Protein chains: 2
Amino acid sequence: MQIAVLLYDRFTALDAVGPYEILSRLPGVEVVFTAAEPGPIRSDMGSLALTADAALTEVTSPDLVLVPGGPGTADQLGNTAVLDWLRLVDRSTTWTTSVCSGSVVLAAAGLLTGRRATSHWICLDQLATMGATPTSERVVMDGKYATAAGVSAGIDLALTLAGRIAGDRAAQAVQLVVEYDPQPPYSAGSPATAPAGLVEELSASGLIVQSA
Amino acid sequence: MQIAVLLYDRFTALDAVGPYEILSRLPGVEVVFTAAEPGPIRSDMGSLALTADAALTEVTSPDLVLVPGGPGTADQLGNTAVLDWLRLVDRSTTWTTSVCSGSVVLAAAGLLTGRRATSHWICLDQLATMGATPTSERVVMDGKYATAAGVSAGIDLALTLAGRIAGDRAAQAVQLVVEYDPQPPYSAGSPATAPAGLVEELSASGLIVQSA
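As recorded by an unreviewed UniProt entry, chain A carries the name DJ-1/PfpI family protein and is attributed to Kitasatospora camelliae.

Pasting the structure below:
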């Protein structure tokens, strides 16, 4: 199966690379990174570029499309080329997926209307204004539309999809290959568990981490 | 502080991008991806290239160096340019770090001799033959030498380092930004928890996931 990962300026790198690392290891999978123009695409922090190997016009019928999030999603909401491409490929996908604020781009393309979906915690309200029914679950499957919460949630999304695509055993094999046995040294990874005041602080700063 | 991430052909993308996504968000951090020659460097699965923005000769005194792993590490064990560069930068680093089989490259440079270190579970025996004392912990700190287990363990390593570098609150803020609240759909991420037979199967195949 062909998996297309959409890139655009100021995407969040882990949104794309987390799922890539899982899904690219499944038997029979070919992954293509695609953007409006092929070449290096800079991610949100500025110091990393991933190569888009194909233009959107070259990728017309992937079996799975994945839209990462990031600050650059704002510029995609009115990007007709990207939104038209998403509507086009969605006609023939088995899975249409997103990580983080990538779901806001899917919603802008009209693909999440009336569907349950998730996003980065800071974007859930925006998702509601665009016709989706937001939930704060980490991975949400509504038919073929599979969305993940912020950034690192793409790994959990991809493992879930791996099980559906290739079976539990293959998904477990990939999990063991990438040694995904998470042991975070803090438990601050969700608004429900973060220390007091941190959600408000990050919301006010636009997710920029401040010096102590 | 400057953080240098080493790239080389057939590295594993998440080994580099997981830590990058955490560490690049700390206040005052500049990350540079570096390789023998600048330009796109292809990762192990073939379908993703990350851009090295600087040649090794341009990066001479990073505060932190990170060596990702991957099948391409085998070619680095006799790569004098890379090993000499690691020995050079290690003289002035505050942290010398690795993810997955990246620790084998650090060991080949002589930097882990007599030190406790970890690696991908499939590489722990090799690490022992190269003078280090392997442990199967997920993140191992021995002085300034910080090593992580396979692939996804780099995220836990980076959060641990983030706390040491910028304090617990900043590390927790980054964890919340990247919504690192892992919920793997399977518990197959370590040899201790994987289904029966999977460790042997993957060891025999060189970590290639087979069809069911």
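Next comes the rest of the write-up.
With that out of the way, let us pick up the sheet that holds strand β10 (residues 139-142) of chain A. All names here are of chain A. Strand order in this open sheet of 7 strands is β5-β2-β1-β6-β7-β11-β10, and the pairing throughout is mixed. One side of each edge strand has no neighbouring strand; the edge strands of this open sheet are β5 (54-55) and β10. In this structure, strand β1 (residues 2-6) lies alongside strand β2 (residues 30-35), joined through 5 bridges in parallel fashion. By the bridge assignment for β2, Gln-2 is matched with Glu-30.

Residues and elements named next belong to chain A. The tally for this structure, following the rule as stated, stands at 0 disulfides over all chains. Here Cys-123 is not disulfide-linked; the sulfur of Cys-100 is the nearest cysteine sulfur, at 6.2 Å. Accessibility expressed as a relative area gives 10% for Cys-123, which makes it buried.

Let's shift gears to the relation of the copies chain B and chain A. At an RMSD of 0.0 Å, chain B and chain A line up after a rotation of 180 degrees and a shift of 0.0 Å along the axis. Both copies are brought into coincidence by an operation consistent with a two-fold rotation axis. Of the C-alpha atoms belonging to chain B, the one lying closest to the rotation axis is found on Leu-50 of chain B, 2.3 Å away. A shared binding surface is used by both copies, with 100% of the interface residues of chain B retained as interface residues in chain A.

Ranked by internal contacts, the top residues of the largest apolar core, which has 158 residues, are Leu-7 and Leu-86 of chain A together with Leu-7 and Leu-86 of chain B. Every residue in contact with Leu-7 of chain A, bar those within four places of it in the chain, is listed here: Ala-16, Phe-33, Thr-34, Ala-35, Ile-41, Leu-50, Thr-51 and Ala-52 of chain A.

Within helix α1 (residues 13-23) of chain A, 11 of the 11 residues are buried, leaving the element largely enclosed by the surrounding structure. By the burial criterion, the buried members of α1 of chain A are Ala-13, Leu-14, Asp-15, Ala-16, Val-17, Gly-18, Pro-19, Tyr-20, Glu-21, Ile-22 and Leu-23 of chain A.

Quick look at the confidence of the model for chain A now. Mean pLDDT over chain A stands at 97; residues scoring 70 or higher make up 100%. With pTM at 0.98, the complex prediction returns an ipTM value of 0.97.

Each α-helix winds once per 3.6 residues, and so residues spaced three or four apart point in a common direction. Residue and element names in this part refer to chain B. Helix length check: helix α6 (residues 153-166), at 14 residues, gives a terminal C-alpha distance of 20 Å against a target of 20 Å (1.5 Å per residue), a fit within 8%. Here α6 lies mainly inside the structure; 11 of its 14 residues are buried. Within the span of α6, buried status applies to Ala-153, Gly-154, Ile-155, Asp-156, Leu-157, Ala-158, Leu-159, Thr-160, Leu-161, Ala-162 and Gly-163. Within two residues after α6, Gly-167 carries a phi angle of roughly 95 degrees, on the positive side.

A few words on the pattern of salt bridges. Tallied over the entire structure, the rule returns 20 salt bridges over all chains. Ionic pairing is found between Asp-75 of chain A and Arg-10 of chain A, a salt bridge with its closest N-O pair at 3.8 Å. Of this pair, Asp-75 of chain A sits in helix α2 (residues 73-76) while Arg-10 of chain A sits in the loop between β1 and α1; the two residues are 65 residues apart in sequence, bridging distant segments of the chain. Under the relative-accessibility criterion, Arg-10 of chain A is labelled partly exposed at 38%. Among the charged side chains, a network of salt bridges with common partners joins Glu-21 and Arg-25 of chain A together with Asp-44 of chain B.

About the criteria used
Residues numbered from 1 in each chain as written. Chains lettered and ligands numbered in written order. Predicted model: local features only at pLDDT ≥ 70, side-chain atom pairs only at ≥ 80, totals over all residues. Heavy atoms only, no water. Pairing = 2+ DSSP bridges. Helix = DSSP H or I, 4+ residues; strand = E, 2+ residues; numbered from the N terminus. Disulfide = S-S within 2.5 Å. Buried < 20%, exposed > 50% of the residue type's maximum accessible area, 1.4 Å probe, protein only. Least-squares fit on C-alpha atoms with pLDDT ≥ 70 in both. Contact = heavy atoms within 4.5 Å. Core = buried A, V, L, I, M, F, W, Y, C linked by side-chain atoms within 4.5 Å. pLDDT = per-residue confidence, 0-100. Expected span 1.5 Å × (residues − 1). Salt bridge = Lys/Arg side-chain N within 4 Å of Asp/Glu carboxyl O.

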